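Overview (structure and organization)
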Amino acid sequence: RERFPRFYNFSPETFIFPRQYSEFVRSFNPMAVDRDPNKESGSNTATSEPAIWIVKPACGRRGENIRVMPESTVPELRVQQSTIVQRYISNPLLIGGYKFDLRMYVLVTSFAPLEIYIHRRGLVRFSTEKYTHDDYENIFVHLTNASVNKKGDSYLREKEIIGKGSKWTTDRLWRYLNDHSGCPRKLWNQICRIVILTIISVVKNIKHDPNCFELFGFDILVDESYKCWLLEVNGSPAIAIGNKIDKMVKEPVLNDLMDVMGFGPDKAPADFGSPFTAHTYGNRSYARKRIRTNKQRHPHSKPTTPTKNIRPCTYQYKKEKSTDCVAARLRLPRHTGDR
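Notes on the structure in this doc start here.

The rules behind the values
- Residues numbered from 1 in each chain as written.
- Predicted model: local features only at pLDDT ≥ 70, side-chain atom pairs only at ≥ 80, totals over all residues.
- Heavy atoms only, no water.
- Buried < 20%, exposed > 50% of the residue type's maximum accessible area, 1.4 Å probe, protein only.
- Helix = DSSP H or I, 4+ residues; strand = E, 2+ residues; numbered from the N terminus.
- Pairing = 2+ DSSP bridges.
- Expected span 1.5 Å × (residues − 1).
- Phe/Tyr/Trp six-rings, centres within 6.5 Å; stacked < 30°, edge-to-face > 60°.
- Axes fitted to C-alpha atoms, helices over the stretch in contact; angles between N-to-C directions.
- Salt bridge = Lys/Arg side-chain N within 4 Å of Asp/Glu carboxyl O.
- Polar contact = N/O pair within 3.5 Å; in protein donor to acceptor, adjacent residues only side chain to side chain.
- Contact = heavy atoms within 4.5 Å.
- Parallel < 35°, antiparallel > 145°, perpendicular 65-115°, else oblique.
- Nonpolar A, V, L, I, M, F, W, Y, C, P; charged D, E, K, R; others polar.

Brief notes about the pairing of strand E7 (residues 114-119)
Extensive coverage of E7 is indicated by the burial of six of its six residues. By the alternation rule, side chains of E7 split into Leu114, Ile116 and Ile118 and Glu115, Tyr117 and His119, which are all buried. Two elements, strand E6 (residues 98-111) and E7, share five bridges in a ladder whose sense is antiparallel. When the sheet's bridge partners are listed, Leu107 is paired in E7 with Tyr117. Linking E6 back to E7 in an antiparallel pair, the connection comprises two residues.

In structure tokens:
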């Protein structure tokens, strides 16, 4: 973000306590000029409303121990374990008055070369109480985690536009936006850009293993100006199926993951159980397993002169056959020194 601020402008201001507590206190100084980095992008356009922060455990899950706090009380926060303190996006896009975010599933099959598959189907997760900015104590207003909202009194009620429960598929969201002058294509392009740039930022820190792959869950919030914000990336996204919406999204995600990796029913170990039998897959066609080597696919000579305005990478989208995945195959610029 420091090196490419024009590209990495999609994450809210974030601190990790207690390690960055003093850094937060310095930024909290009321004499500081323009201390809100999200202000220009429109994340806190209502200047009359006090800024608020969301506090959550760094290794938390399922919405546990998450709090929303006004900015004036955050410097008094004392924590023992690693805790994330993130500036709250206070102007989210609302549907029927309810806040929502997106859970997108991303498969990385290789880091050298970098290959990313973004599934077209994702989850839209709603809060179950109508959004208000100043109701800090009501978690059903601010949190969209299904594991939290299913405990609320409004979960099974018929809610305006949303209906019962707290989930949609992204397909239903795109249809809703098309009918209400939204722009699904604009959001989808932002999501792909966020995914690619986020994974690029950690490539140099990950040891390449040709026999491994990873499924990530990207949590993305859309504000009222249709700007996408990356809230967090989950290394082990929940794949349990608890309702029909989960089944409509997660089963295709897992099936297509197997397709992309080249694991057909005849290759699946017997102890995988019934979800990976031939009956489940039917007559699906499977991609052939790729054999990766350390050999460079596209050798390039070292540039003799520096290039101005160089992009972080070049990439190309490709629709995978028999799946709902969009592949982004990237060629990173060569660097002098270690890769």
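What about the environment of Ser72?
Among the secondary structure elements, Ser72 is positioned in the loop between strand E3 (67-70) and strand E4 (83-87). Taking the C-alpha atoms as reference points, Ser72 and Ile52, separated by 20 residues in sequence, lie 8.5 Å from one another.

As for helix H5 (residues 184-200)
Taking 1.5 Å of rise per residue, 17 residues should cover 24 Å, and H5 covers 24 Å from first to last C-alpha, within 8% of that figure. Within H5, 13 of the 17 residues are buried, leaving the element largely enclosed by the surrounding structure.

Points about the packing of aromatic side chains
Per the counting criterion, the structure on display carries five aromatic pairs. Among the aromatic residues, those joined into a cluster by ring pairs are Phe100, Phe126, Trp168 and Tyr176.

Let's talk about the environment of Ile89
Considering the arrangement of structural elements, one finds Ile89 in the loop between E4 and strand E5 (94-95). A C-alpha to C-alpha distance of 9.2 Å links Ile89 and Val222, two positions 133 residues apart in sequence.

Details of the sheet that holds E4
Strand order in the open sheet formed by four strands is E1-E4-E2-E3, and the pairing between neighbours is antiparallel. Strands with a single pairing partner mark the edges of an open sheet, and in this sheet they are strand E1 (14-17) and E3. If you compare each strand with its neighbour and ignore which way they point, the axes differ by 25° on average. Pairing of strand E2 (residues 52-57) with E3, which is carried by four bridges, proceeds in the antiparallel orientation. By the bridge assignment, Trp53 is partnered in E3 with Met69.

Some words on unusual backbone geometry
With omega at 0°, the peptide bond leading from Ala112 into Pro113 counts as cis. Inspection of the secondary structure puts Pro113 in the loop between E6 and E7. Its identity is not glycine, yet Ile161 carries a phi of approximately 70°, on the positive side. Inspection of the secondary structure assignment puts Ile161 in the loop between helix H3 (146-149) and strand E9 (167-169).

A short note on helix H6 (residues 244-261)
Between the first and last C-alpha of H6 there are 26 Å, a value that for 18 residues agrees with the 26 Å anticipated at 1.5 Å per step. Here H6 lies mainly inside the structure; 13 of its 18 residues are buried. Looking one or two places after H6, you find Gly262, whose phi comes out positive at around 80°.

A few points about the pattern of salt bridges
One pass over the structure, following the stated rule, counts nine salt bridges. Put simply, Asp219 and Arg125 hold a salt bridge, and the shortest N to O gap is 3.4 Å. With a gap of 94 residues between them, Asp219 in strand E10 (residues 214-222) and Arg125 in strand E8 (residues 123-126) connect regions that are remote in the sequence. Overall, the relative accessible area of 9% leaves Arg125 in the buried class. Residue Lys130 pairs with Glu160 through a salt bridge whose shortest N-O separation is 2.9 Å. Of this pair, Lys130 sits in the loop between E8 and helix H2 (139-142) while Glu160 is found in the loop between H3 and E9, placing the two residues 30 residues apart along the sequence. Judged by relative accessible area, which is 41%, Lys130 ranks as partly exposed. Note on Glu160: relative accessible area 45%, which makes it partly exposed. Salt bridges sharing partners connect three or more residues here, namely Asp101, Arg103, Arg125 and Asp219.

Remarks on the side chain of Asp246
By secondary structure assignment, the location of Asp246 is in helix H6. Reaching out from Asp246, the side chain makes a polar contact with the side chain of Lys167 at a distance of 2.7 Å. With sequence-adjacent residues up to four places away left out, Asp246 is seen in contact with Leu123, Lys167, Ala240, Ile241 and Glu251.

Details of the side chain of Arg125
One polar contact links Arg125 to Asp219, side chain to side chain, over a distance of 3.4 Å. Residues in contact with Arg125, not counting those within four places in the same chain, are Lys99, Phe100, Asp101, Arg103, Thr144, Ser166 and Asp219.

Regarding the packing of helix H4 (residues 170-179) against H5
Viewed as axis vectors pointing N to C, H4 and H5 meet at an angle of 135°, and their least axial separation amounts to 9 Å. With respect to H5, the axis of H4 lies oblique. Taking contact as the criterion, the partners of Trp174, Leu177 and Asn178 in H4 are, on H5, Pro184, Leu187 and Ile191. Split by residue class, the contact of H4 with H5 holds five nonpolar, one polar and no charged.

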